[in-house]
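Residue-level structure breakdown
What follows is each chain in one-letter form.
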Amino acid sequence: MMKMANNIAVFLGEKDETASLGEPGRVVIYSKSEGCWSNLREKALLINTPGGLKELRHKTAELMEFLGDVKVFVAGSITGIPYYELEKAGFSLWEFAGRPDQFLDYVLEQEEENAQQPVATGEHTNAPLTPVESGDGRYYISLTEIQESSGGVTSKQVLRPFLRKGEFYELEIDCKHVPPWLEAEMTVGSLTGKITRMGNAQFKVIVGKKTCDKC
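Conventions and cut-offs
- Residues numbered from 1 in each chain as written.
- Predicted model: local features only at pLDDT ≥ 70, side-chain atom pairs only at ≥ 80, totals over all residues.
- Heavy atoms only, no water.
- Helix = DSSP H or I, 4+ residues; strand = E, 2+ residues; numbered from the N terminus.
- Contact = heavy atoms within 4.5 Å.
- Core = buried A, V, L, I, M, F, W, Y, C linked by side-chain atoms within 4.5 Å.
- Buried < 20%, exposed > 50% of the residue type's maximum accessible area, 1.4 Å probe, protein only.
- Salt bridge = Lys/Arg side-chain N within 4 Å of Asp/Glu carboxyl O.
- Pairing = 2+ DSSP bridges.
- Axes fitted to C-alpha atoms, helices over the stretch in contact; angles between N-to-C directions.

The next thing to look at is the environment of Gln 147. Topologically, Gln 147 is positioned in helix α4 (residues 144–148). The spatial distance from the C-alpha of Gln 147 to the C-alpha of Cys 175 is 7.6 Å, given a sequence separation of 28 residues. Setting aside chain neighbours within four positions, we find Gln 147 in contact with Cys 175, Lys 176, His 177 and Pro 179.

Below, the discussion takes up the nonpolar core. Judged by nonpolar contacts, the single largest core of 43 residues is most densely connected at Phe 73, Leu 159, Leu 163, Leu 171 and Ile 173. Leave out the neighbours within four places in its chain, and Leu 159 touches Pro 131, Ile 141, Leu 143, Leu 171, Ile 173, Trp 181 and Leu 182. Counting 12 residues, the second largest nonpolar core, distinct from the first, contains Val 10, Val 28, Val 107 and Leu 108.

A full pass over the atoms with the stated rule returns 12 salt bridges. Across the salt bridge formed by Lys 88 and Glu 85, the nearest N and O atoms sit 3.6 Å from each other. Here Glu 85 and Lys 88 lie together in helix α2 (residues 80–88), a separation of 3 residues that amounts to about one turn. Accessibility expressed as a relative area gives 47% for Lys 88, which makes it partly exposed.

All right, on to α2 then. Within α2, 7 of the 9 residues are buried, which leaves it mostly tucked inside the rest of the structure. In the stretch just after α2, Gly 90 is the one whose phi turns positive, near 95 degrees.

Pairing is mixed in the open sheet, where 5 strands are placed in the order β6-β7-β8-β10-β9. Every interior strand has two partners, whereas the edge strands, β6 (132–135) and β9 (191–197), have only one. Neighbour-to-neighbour, the strand axes of the sheet open up by a mean angle of 25 degrees, direction not taken into account. In terms of strand pairing, β9 meets strand β10 (residues 203–209) through 7 bridges, oriented antiparallel. Within the sheet, the bridge partner assigned to Thr 196 lies in β10 and is Lys 204.

This is the structure in structure tokens:
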């Protein structure tokens, strides 16, 4: 999905600094023109309300409607259902602490670089780019080398096609950190998961598919 050039949405708290998306605040859409950032429009937002999951999804949908074609979103923290819904809708999500003038140029530069990069093929890493079956629908993959590599391959590029296909019973993942998008899917999506902290700053994640009575 195309991202509107030079436009970035930021969620701000009372002190005009980024805030967690679960806190009261406002969404401000900034646009860069002739080297300067300006405020295009803004909207007050309180996603966490007493209405439960249904209301949370409704508020997130309202946020996406306000953002429109602006697909780059920055907040102090984005977790749970809002993260899952925004990521699923194709938004590029960033987490920064501070004022917009401290990171807007950096985010725009990174977005432009990412847009110009070809799809990574994994030639810079020796790690397998697809999970390997160990038997009976069980698969294994190590993301450690991928996460340590500068080859441009992301965990989402490696795992998302496999998980979307759904032809597995269980997937075991070794990694240096649990990808936020995967943790969000295990929380509110169609996947179950168990995360275990191992030694030497390693994690083991066991991913399964939710059965109908758990959906």
